[in-house]
2 protein chains.
Amino acid sequence: MNLKPYLQAVEAYLEKYTYGTNPNELYEPIGYMMSLGGKRLRPILVLLGYEVFSENWQKAIPASVAVEVFHNFTLMHDDIMDKAPLRRNHATVHTKWNENIAILSGDVMLVKAYEILLQGVEDRFLRAAMQKFSRCATWVCEGQQWDMNFETQNEVSIPEYLEMIRLKTAVLLGFALELGAMLAGANETEQEKLRLIGENMGVGFQLKDDLLDVYGNPEKFGKQVGGDIIANKKTYLLIEALQTAQDDTKTELLKWLSVKTFSPQEKVKAVTKVYNLLGIKEKTENLIDSFFRKAFDSLAEMQADESAKEKLASFMTWLMEREN
Amino acid sequence: MNLKPYLQAVEAYLEKYTYGTNPNELYEPIGYMMSLGGKRLRPILVLLGYEVFSENWQKAIPASVAVEVFHNFTLMHDDIMDKAPLRRNHATVHTKWNENIAILSGDVMLVKAYEILLQGVEDRFLRAAMQKFSRCATWVCEGQQWDMNFETQNEVSIPEYLEMIRLKTAVLLGFALELGAMLAGANETEQEKLRLIGENMGVGFQLKDDLLDVYGNPEKFGKQVGGDIIANKKTYLLIEALQTAQDDTKTELLKWLSVKTFSPQEKVKAVTKVYNLLGIKEKTENLIDSFFRKAFDSLAEMQADESAKEKLASFMTWLMEREN
């Protein structure tokens, strides 16, 4: 499928939008963050959600950009909390400038997300758009807090993990589709259906991220493979492995989780070997599949323009099969 | 004047409002922050602004609370940036919990401020209220960034300082009055007049804060007197003193600004002595007076209910003459 027209429209809007100018310390990091790129999945979802119910997706461009700015606000603050040095192979804002600037620039980005949404929404949709955006923003923060809690929590169950990624990642994809549908004049039921499609796709999307972090092709992945393993990140893969492993395999896994000094390469290799032994790759692929399947099925059932549905479906396929 | 009815209404709304419940780590800090109290000046200003143009200020209560929640969001994030251990004699959120929690709870508070405002505003005012709130929120962040910049900037001029406190503090008082006026049905011109009254009052209010930090009665002030002097905070008092001082007085002042180890008490005493010599107290009082005077004059000129104007005027008098 050809995403170029959507991408170009989103980039063109971002290009001409001015967040502010003075003080420079506040606005430069915003421009920097937004310029790091990324796949712009969320604005594309707004536009594709719009197209399911109406032509002229161009009308939804400003609203779609609001979702991208919000997403980048969460990344800027998450990077502080995770003490991440890099984002898309560039220094994170709190590393390039400092934490205070990353906090405050992030705050302004959240305000700007509201402002851009405000500009992009007709009066008749304004209250609903603002309400649903705020609800979604709250969920995303809740997801980030759960994620932080899990770092120090001894046991995380699979349902707990899935709920965390639903909040932290999936609800925003759900909101993107819902917003697009809303602005195209879809009714509440249709909006809600599209929102849930986005949520299921979003959970599948994050699980795919977890999978690629271990099984990605290093040449295509773009990031270091094995980062989650090195950091003992409680992803679906690790939680499932901990639940399935027995005897020597369990001992081996626990050893690598508790070891303080180690060769990263060796740890990644050893834990991946445990995963292989336990069939974690296939289990993860099945779970990813089941979430995307739910999304595809619900989409197929919807009464809407077939070619627009087809477009969204190919986008979902692309997301599901992506290698980075 | 009797502020009790306003205060009780605001507290009652805050009491029954639930920000959220789960995860507790996210929401407990919000409840904690809001329970630390404060004077609730900003919601009161919304209600008094409303009353200038209409009765039934009760209708503006939710909107007034949104402004208070926003204000407390800025305090939570500012406290991280300033590394402040205490807020209203209690541990700050980042001290009691940690920085990450203070960042994220603050983020949710900003979202909740929008959400509460949304609930408190009729459709016909929604876009304008959201737009003006966002504009004000951006200004407040800009003010905080200037404030941080000034910490490491060698020279800060008096106009620069006044512009910083206008953004950081005064515009929110302006927005509070403007919002009240808007919701009471005042026209754009009247709203703008009230906003500027709030801004002038707000600059006077912050200058009074600076004055009290040096000249407050320790028994009434509630905070340690001299905190700004100890921290070399570039307030109006210091900037004016640096501009006025000559010869030995200048040498004495610069000595205290550069000294690394010192008795705080001794420094406060010595710098205050310099201020006294230069008549800084009187100069500050005159400047405070001039800002409040502008506010009083504009209010007097407004075509509105005289008794409601009188109420707002007494509130301003109380703000101007307060001792803590």
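Residues numbered from 1 in each chain as written. Chains lettered and ligands numbered in written order. Predicted model: local features only at pLDDT ≥ 70, side-chain atom pairs only at ≥ 80, totals over all residues. Heavy atoms only, no water.

### Here we look at the overall build of chain A
A count of helical and extended segments in chain A gives 16 helices and two strands. Its C-alpha atoms give chain A a radius of gyration of 20 Å, near enough to 20 Å, the size a compact globule of 324 residues would have. The C-alpha extent of chain A, read off along each of the three principal axes, is 65 × 50 × 35 Å. For chain A, the residues scored as buried account for 58% of the 324 residues in total. Long-range pairs, those at least 24 residues apart, make up 75% of the contacts in chain A with a sequence separation of at least 6. With 37 positive and 46 negative side-chain charges, chain A shows a spacing of 2 Å between the two charge centroids. (Helix = DSSP H or I, 4+ residues; strand = E, 2+ residues; numbered from the N terminus. Rg over C-alpha atoms; globule rule 2.2 N^0.38 Å. Buried < 20%, exposed > 50% of the residue type's maximum accessible area, 1.4 Å probe, protein only. Contact = heavy atoms within 4.5 Å. Lys, Arg positive; Asp, Glu negative; His and termini not counted. Charge placed at Lys NZ, Arg CZ, Asp CG, Glu CD.)

### What about the interface of chain A and chain B?
Taken together, the contacts link 41 residues of chain A with 40 residues of chain B. Together, the buried faces of chain A and chain B total about 3,600 Å²; carbon and sulfur atoms form 66% of this surface. The tally of links from chain A across to chain B stands at two salt bridges. With a closest N to O distance of 2.8 Å, A:Asp123 and B:Arg127 form a salt bridge. In this assembly, chain A and chain B are joined by 14 residue pairs in polar contact (both at pLDDT 80 or more). Of all elements in the fold, only helix H2 (24–35), helix H4 (61–81), helix H6 (99–120) and helix H7 (123–152) of chain A reach the threshold of two or more residues within the side of chain A that touches chain B. It is H7(A) that contributes the most residues to the side of chain A that touches chain B, 16 residues altogether. Residue composition of the side of chain A that touches chain B, grouped by class: 21 nonpolar, 10 polar and 10 charged. (Buried area = accessible area lost by both parts, 1.4 Å probe. Salt bridge = Lys/Arg side-chain N within 4 Å of Asp/Glu carboxyl O. Polar contact = N/O pair within 3.5 Å; in protein donor to acceptor, adjacent residues only side chain to side chain. Nonpolar A, V, L, I, M, F, W, Y, C, P; charged D, E, K, R; others polar.)

### Quick word on the relation of the copies chain A and chain B
Placing chain A over chain B gives an RMSD of 0.0 Å and needs a rotation angle of 180°, together with 0.0 Å of translation along the axis. The two molecules are tied by a two-fold rotation axis, judged by turn and shift. Both copies share a contact surface, since 98% of the interface residues of chain A are interface residues in chain B too. (Least-squares fit on C-alpha atoms with pLDDT ≥ 70 in both.)

### Side note on empty space enclosed by the protein
Residues and elements named next belong to chain A. In this structure the tally under the stated criterion is four cavities of 30 Å³ or more. As a volume, the largest cavity reaches approximately 80 Å³. Around the largest cavity sit 14 residues that line it, and Asp 228, Ile 229, Lys 233, Leu 238 and Tyr 275 are the ones nearest its centre. Elements supplying a minimum of two residues to the lining of the largest cavity: helix H9 (188–215), helix H11 (227–230), helix H12 (236–244), helix H13 (247–258) and helix H14 (264–278). When residues of the lining of the largest cavity are assigned to their parent elements, the largest contribution, three residues, is made by H14. Taken together, the residues that form the lining of the largest cavity break down as eight nonpolar, two polar and four charged. (1 Å grid on protein atoms, 1.4 Å probe; cavity = no way out; pocket = protein on both sides within 12 Å on 5 of 7 lines; lining within 4 Å. Points joined across faces, edges and corners; volume = space filled by probe spheres on them.)

### Some words on the packing of H9(A) against helix H15 (residues 280–301) of chain A
Residues and elements named next belong to chain A. The contact between H9 and H15 brings their axes to 8 Å, and the two run at 160°. Considering the angle they form, H9 stands roughly antiparallel to H15. H9 and H15 meet at a crossing whose hand is left-handed. Between H9 and H15, the contacting residues are Leu 194, Ile 197, Asn 200, Met 201, Val 203, Gly 204, Phe 205, Leu 207, Lys 208, Leu 211 and Tyr 215 on the first element and Lys 281, Thr 284, Glu 285, Leu 287, Ile 288, Phe 291, Phe 292, Lys 294, Ala 295, Ser 298 and Leu 299 on the second. (Axes fitted to C-alpha atoms, helices over the stretch in contact; angles between N-to-C directions. Parallel < 35°, antiparallel > 145°, perpendicular 65-115°, else oblique. Left-handed = near helix turned anticlockwise from the far one by under 90°.)

### Here's the deal with unusual backbone geometry
Cis geometry marks the peptide bond from A:Asn22 to A:Pro23, where omega comes out at -5°. Tracing the backbone through its elements, the reader meets A:Pro23 in the loop between helix H1 (4–16) and H2. Unlike most non-glycine residues, B:Asn56 shows phi in positive territory, near 55°. Secondary-structure assignment places B:Asn56 in the loop between helix H3 (41–53) and helix H4 (61–81). Of note, the phi angle at B:Lys83 is positive, near 50°, even though the residue is not glycine. Among the structural elements, B:Lys83 can be located in the loop between H4 and strand S1 (86–87). Of the residues examined, B:Lys83 reaches a relative accessible area of 63% and is grouped as exposed.

### Observations concerning H13(A)
All names here are of chain A. Compared with an ideal rise of 1.5 Å per residue, which puts 12 residues at 16 Å, H13 spans 17 Å between its outermost C-alpha atoms and is within 8% of the ideal. Taken together, the buried positions of H13 are Thr 249, Leu 253 and Trp 256. Projected onto a plane normal to the axis of H13, the buried residues spread over an arc of 65° and lie on a single side. Residues of H13 that are exposed and angled more than 90 degrees away from the buried face: Asp 247, Asp 248 and Thr 251. Where the residues of H13 are buried, they touch H12 and H14. (Expected span 1.5 Å × (residues − 1). Arc of directions from axis to C-beta.)

### Some details on H14(A)
Residues and elements named next belong to chain A. The first and last C-alpha atoms of H14 sit 21 Å apart over 15 residues, in line with the 21 Å expected at 1.5 Å per residue. Among all positions in H14, only Lys 267, Val 268, Ala 270, Val 271, Thr 272, Val 274, Tyr 275 and Leu 278 are buried. Directly after H14, the chain includes Gly 279, whose backbone phi takes a positive value near 65°.

Keep in mind these numbers describe shape, not what the thing actually does.
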